[in-house]
Amino acid sequence: MVVRSPYAPVVTDLVFPEGFLWGAATAAHQVEGNNAASDWWDWERRPGTPCVDESGIAIDHYHRYPEDIAILAGLGLNAYRYSVEWARVEPDEGAIDARALDHYRRMTDAVRTAGLTPLVTLHHFTLPRWVAARGGWLDPATPARFARYCETVVRALGDRVDWYCTINEPGVVAFGGYLGALDFPPGTHDAGSWDRAIKGLVAGLRLSLAAVKGARPEARAGATHSMHEWEADEGGRPMMEFLRGRNEDVFLAACGGDDFVGVQTYTRVGVRLGTVTTGLLRAAMLAPWLWRRVAPPFIRRSTKNPAGSAPPGARLTDMGYEYRPEAVAATIRRVATLLPGKDIVVTEHGVATGDDAERVEFIDRGLRAIHAEIGAGAPVRGYVHWSAFDNFEWARGYGMRFGLVGVDRTTLERTVRPPARFPGEGASTGRLPDAPPPGSPERTASATNRG
Ligand code: BGC
């Protein structure tokens, strides 16, 4: 059965603020290829790995960046967010690889020459193997080691870069890897590791901010946060608050000194619990030792079934969670409430789909929702789409297509998809562009949640 997308954008004239960043993003491990000194490289290869693919050559962005940057500039974008790989810069403790720093200098020069503002992420999920071997974020020495690497990179890039993203989605690193909820390394499963990873990441946020500002006071630095629009029924509220507190609030609270908050929102998550479960969880919450045993498996089970967090009958993305472009408005409002006046950059927003019409709709509805928040006073300075190119979606591998630009897995040939021109036009006109005509509005009913 085929379902037609009902979407027909209203033509309006929405003006965005002067200097608004219109960009697209990648992360080193997901695109560069052969990131062989990192923990993810090992994670993909270990016996019984949860990863469906190995990253391998990825999209060979490490070598093809000149072509890729030219494509992004050709789309009219004015910003490119990408990451520097710690495992390449410091493949062994204290051994800085000058060639890797040269590479990122050359790449950053190319980004600037193409007229794109670089937003450089210093940590996007991966660790050097030697850091992981010492316990990763569980090792109390990791935050200082990370800060030292940040300082090295910021000094090397000098005045080429004005925007730094310190740690990408610390909540996902802790929850996904140390609670084991997302099949990320190191794959520990207990509440104690989750706690310690959160503490390590909070320290890493503080020390890396100081390192970036110490090396280049003019730069704007901030962490980028995975944030959901949350919903709960009466019974689900305590669990929802617990999860939001541990995955988002604790990190936002640590970022009061950042120059901006990176908001990354993909969906809405509903926590709806039956009366029996609610009763049991509430009782367990009263006894911390019991809660620490009960909560991790409960949370991991719920995360394995993202469709279960969507309202019955909701439309889903290929990732299995709710298709909800406007969720980003809720997270912008939350940041504006928790950190009033702080600049916000939407550093990720996007959708895994094979349907270009659906991608256009996602961007259009997202930008309209963001525009309304700007109108209501939220200091949003930019929109960076995830992702610039199809890439390695972590444990989910290459099947997920998030790219404005498609990449053929056999030939690595790049194909600009129709939605790609959409945010780029925003950059040249400063206004919400007219959505391009739908390419292929079909999607199959198997991709929707029938509740
Ligand atoms: C991450 C990206 C990831 C994207 C889509 C974000 O959590 O920063 O690395 O590919 O979401 O799942």
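Every chain's residues receive numbers from 1 upward, in the order its sequence appears when written. Residues qualify for local features only when their pLDDT is at least 70, as the model is predicted, and side-chain atom pairs are given and counted only at 80 or more; totals for whole chains, interfaces and linings, by contrast, use all residues. Side-chain numbers come from the whole structure's heavy atoms, not from hydrogens or water.

Colleague: Can you lay out the overall build of the protein chain for me, pointing to particular residues and giving the numbers?
Modeller: Helix and strand counts for the protein chain come out as 15 helices and 14 strands. Restricting the calculation to C-alpha atoms gives the radius of gyration, and the globule rule supplies 2.2 Å times the number of residues raised to the power 0.38. Computed over its C-alpha atoms, the radius of gyration of the protein chain comes to 21 Å, within 12% of the 22 Å expected for a compact globule of 451 residues. Dimensions of the protein chain along its principal axes, counting C-alpha atoms only, are 60 × 55 × 45 Å. Relative accessibility decides the category of a residue: with a 1.4 Å probe and only protein chains considered, values under 20% of the type maximum give buried, values over 50% give exposed, and everything between is partly exposed. In the protein chain, which comprises 451 residues, the share counted as buried stands at 59%. The contact criterion used throughout is that any non-hydrogen atoms of two residues lie within 4.5 Å. Contacts in the protein chain between residues at least 24 apart in sequence constitute 79% of all its contacts with a sequence separation of at least 6. Methods summary: accessible areas were calculated by the Shrake-Rupley approach with a probe of 1.4 Å, and residue burial reflects only the protein chains presented. Accessible surface, the protein chain as shown: approximately 17,000 Å² in total, 55% of it carbon and sulfur. Note on charges: Lys and Arg go in the positive column, Asp and Glu in the negative column, and His and the chain ends are not counted at all. For the purpose of locating charges, the reference atoms are NZ of Lys, CZ of Arg, CG of Asp and CD of Glu. Both charge centroids of the protein chain, one from 51 positive and one from 54 negative side chains, sit 4 Å from each other. What counts as a helix is a DSSP run of H or I of at least four residues, what counts as a strand is a run of E of at least two, and both are numbered from the N terminus.

Colleague: Tell me what's going on with helix H12 (residues 288-304), and back it up with residues and numbers.
Modeller: Compared with the 24 Å implied by 1.5 Å per residue over 17 residues, the 24 Å span of H12 between its first and last C-alpha is a close match. Given a residue, its bend is the angle between the two axes fitted to the seven residues that end at it and to the seven that start from it. A maximum bend of about 30 degrees is found in H12 at Val294, where proline Pro296 lies one to four positions downstream. Residues of H12 that are buried include every one of Trp291, Ala295, Pro296, Phe298, Ile299 and Arg300, and no others. Buried residues in H12 make contact with helix H8 (170-178), helix H9 (191-215), helix H10 (237-253) and helix H11 (275-286). One fewer than the residue count of a helix, multiplied by 1.5 Å, yields its expected span.

Colleague: Give me the lowdown on the pairing of strand E2 (residues 21-25), citing residues and values where you can.
Modeller: For E2, a buried count of five out of five residues is recorded, marking the element as mostly surrounded by other parts of the structure. Covered by surrounding structure in E2 are Leu21, Gly23 and Ala25 together with Trp22 and Ala24, the residues of both alternating faces. DSSP bridges decide pairing: two strands pair if at least two such bridges lie between them. Where E2 lies against strand E11 (residues 380-386), five bridges are found, and the strand directions are parallel. Looking across to E11, one finds that Leu21 is bridged to Gly382. Here E2 pairs with strand E3 (residues 79-83) via three bridges, running parallel. When the bridges of E3 are listed, Ala25 appears paired with Arg81.

Colleague: An account of empty space enclosed by the protein is requested, with residue identities and associated values reported.
Modeller: Within this scheme a cavity is a closed region of a 1 Å grid, computed over the protein atoms alone, that accommodates a 1.4 Å probe without allowing it to escape, whereas a pocket is open but has protein on both sides within 12 Å along at least five of seven lines; lining residues each have an atom within 4 Å of a point. Grid points are joined across faces, edges and corners, and a volume is the space filled by probe spheres set on the points. By the definition in use, this model includes three cavities of 30 Å³ or more. Those elements that place two or more of their residues in the lining of the largest cavity are helix H1 (28-31) and strand E4 (117-123). Taken together, the residues of the lining of the largest cavity break down into four nonpolar, five polar and one charged. Side-chain classes follow a simple rule in which Ala, Val, Leu, Ile, Met, Phe, Trp, Tyr, Cys and Pro form the nonpolar group, Asp, Glu, Lys and Arg form the charged group, and the remainder, Gly included, forms the polar group.

Colleague: Give me the lowdown on the packing of helix H7 (residues 142-157) against H9, citing residues and values where you can.
Modeller: Every angle, taken between N-to-C directions, lies between 0 and 180 degrees, and every axis is a line fitted to C-alpha atoms, over only the stretch in contact when it is a helix. Between H7 and H9, the shortest axis-to-axis distance is 8 Å and the interhelical angle comes to 25 degrees. In terms of orientation, H7 and H9 fall into the roughly parallel class. For the pair H7 and H9, the sense of crossing is right-handed. Along its contact with H7, which presents Pro143, Ala144, Phe146, Ala147, Cys150, Glu151, Val154 and Arg155, the element H9 presents Gly200, Ala203, Gly204, Leu207, Ser208, Ala211, Val212, Gly214 and Ala215. Our angle categories are set so that under 35 degrees counts as roughly parallel, over 145 as roughly antiparallel, 65 to 115 as roughly perpendicular, and the remainder as oblique. Less than a right angle of anticlockwise turn of the near helix away from the far helix marks a crossing as left-handed, whereas a clockwise turn marks it as right-handed.

Colleague: Report on the site of the ligand, specifying residues and quantitative values.
Modeller: By convention in these notes, a residue is near a molecule or strand provided one of its non-hydrogen atoms lies within 4 Å of it. Close contacts around the ligand come from 13 residues, with Gln30, His124, Glu169, Glu348 and Glu393 the closest. Two N or O atoms form a polar contact when they lie within 3.5 Å of each other; inside protein one atom must be a possible hydrogen donor and the other a possible acceptor, and for residues adjacent in sequence the pair counts only when both atoms belong to side chains. Side-chain polar atom of Glu348 to an oxygen atom of the ligand: 2.8 Å apart, as the coordinates give it. Trp394 has a polar side-chain atom sitting 2.9 Å from an oxygen atom of the ligand. If the ligand stood free it would expose 310 Å²; the protein chains cover 91% of that surface.

Colleague: Could you give an account of the sheet that holds strand E6 (residues 220-226), with specific residues and numbers?
Modeller: Ordered by their spatial adjacency, eight strands build a closed barrel running E2-E3-E4-E5-E6-E8-E10-E11, and the pairing between neighbours is parallel. Taken pair by pair, the neighbouring strands of this sheet meet at an average axis angle of 25 degrees, ignoring direction. Of the strands in this sheet, E4 and strand E5 (163-168) touch H7, which is tilted by about 155 degrees from E4.

Colleague: Just give me the short version of the side chain of Asn391, but keep the residues and values in it.
Modeller: Tracing the backbone through its elements, the reader meets Asn391 in the loop between E11 and strand E12 (405-407). Relative accessible area serves as the criterion here: at 2%, Asn391 is assigned to the buried category. Within the local environment of Asn391, its side chain forms a polar contact with the backbone oxygen of Phe389, the two atoms lying 3.1 Å apart. Sequence-distant contacts of Asn391, that is, excluding residues within four places in its chain, are made with Gln30, Val31, Trp386, Gly397, Tyr398 and Met400.

Colleague: Provide a residue-level description of the pattern of salt bridges, including the pertinent values.
Modeller: For this analysis, a salt bridge means a side-chain nitrogen from Lys or Arg found within 4 Å of a carboxyl oxygen belonging to Asp or Glu. Applying the stated criterion to the full structure yields 35 salt bridges. As a salt-bridge pair, Arg88 and Glu32 come within 2.6 Å of each other at their nearest N and O atoms. One end of the pair, Arg88, is in helix H4 (residues 86-89); the other, Glu32, is in the loop between H1 and helix H2 (39-45), and 56 residues separate them in sequence. Here Arg88 matches Glu32 in class, with each residue buried. Between Glu322 and Arg268 there is a salt bridge, and its shortest N-O distance comes to 2.8 Å. One end of the pair, Glu322, is in the loop between H12 and helix H13 (327-338); the other, Arg268, is in strand E9 (residues 268-271), and 54 residues separate them in sequence. Overall, the relative accessible area of 6% leaves Glu322 in the buried class.

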